[in-house]
Amino acid sequence: MLGPGERATVGTGVAIALPDGYVAFVVPRSGLAFRHGITIVNAPGTVDAGYRGEIKVALLNTDAREPYAIEAGDRIAQLVVMPVARARFVEVERLPGSMRGEGGFGSTGFGEHKQGVNA
Ligand SMILES: O=c1ccn([C@H]2C[C@H](O)[C@@H](COP(=O)(O)OP(=O)(O)OP(=O)(O)O)O2)c(=O)[nH]1
């Protein structure tokens, strides 16, 4: 049972062997989020290709009033498997230009009179 505001690490009973060059992300289920406020603390949880242990889910009940009961066999999360790019970092004097430039959080999507924090 997850009380309002409580979190718990829930075992899935599932272990996998991802091929090298892949990653799996543990992500919340929309139905649980919309209906009960159940989300995942570290969403998306990252499962490394070399991990062979049980996949666990850090569930959080964000509802301020209602507890939520989890039973064995419930689908509490979903797993997205993706290939990962191997990045090679190269030091440069200047980065190529872009539309966004250095505008950070909240610097787009507002009208003239309402600017974001880093606009
Ligand atoms: O939601 C999650 C996230 C991670 N893991 C497992 C698989 C993953 O390969 C391992 C380590 O996760 P992560 O790399 O995110 O942990 P970290 O905090 O960066 O520690 P470290 O990599 O040193 O173990 O824990 C889960 O079972 N569920």
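Residues numbered from 1 in each chain as written. Predicted model: local features only at pLDDT ≥ 70, side-chain atom pairs only at ≥ 80, totals over all residues. Heavy atoms only, no water.

Peer 1: So what exactly am I meant to see when it comes to the overall build of the protein here?
Peer 2: Of regular secondary structure, the protein possesses one helix and six strands. Mapped from its N terminus to its C terminus, the protein presents α and β elements in the order β-β-α-β-β-β-β. Its C-alpha atoms give the protein a radius of gyration of 20 Å, clearly above 14 Å, the size a compact globule of 119 residues would have. Projected onto its principal axes, the C-alpha coordinates of the protein cover approximately 55 × 45 × 20 Å. By the burial criterion, 18% of the 119 residues in the protein qualify as buried. Pairs at least 24 apart in sequence give 67% of the contacts found in the protein among residues at least 6 apart. For the protein, the computed accessible surface area is about 9,300 Å², with 53% contributed by carbon and sulfur atoms. Across the protein, the 12 positively charged side chains and the 12 negatively charged ones have centroids separated by 4 Å. (Helix = DSSP H or I, 4+ residues; strand = E, 2+ residues; numbered from the N terminus. Rg over C-alpha atoms; globule rule 2.2 N^0.38 Å. Buried < 20%, exposed > 50% of the residue type's maximum accessible area, 1.4 Å probe, protein only. Contact = heavy atoms within 4.5 Å. Areas by Shrake-Rupley, 256 points an atom, 1.4 Å probe, with all protein chains shown as cover. Lys, Arg positive; Asp, Glu negative; His and termini not counted. Charge placed at Lys NZ, Arg CZ, Asp CG, Glu CD.)

Peer 1: Would you mind going over the UniProt feature "domain: dUTPase-like" (unreviewed entry) in the protein with me for this structure?
Peer 2: The residues that UniProt annotates with the feature "domain: dUTPase-like" (unreviewed entry) are residues 3–109. Split by type, residues 3–109 is 7% helix and 27% strand. Its first and last C-alpha atoms lie 37 Å apart. (UniProt positions renumbered as here; feature names shortened; annotations may be inferred.)

Peer 1: Any chance you could explain the environment of valine 14 here in plain terms?
Peer 2: With respect to the secondary-structure elements, valine 14 resides in the loop between strand E1 (7–11) and strand E2 (22–27). Exposure remark for valine 14: the relative accessible area of 40% places this residue in the partly exposed category. C-alpha separation for the pair valine 14 and glutamate 112, spaced 98 residues apart in sequence, amounts to 51 Å. Not counting residues within four places of it along the chain, the set of residues in contact with valine 14 comprises Gly53, Glu54 and Ile55.

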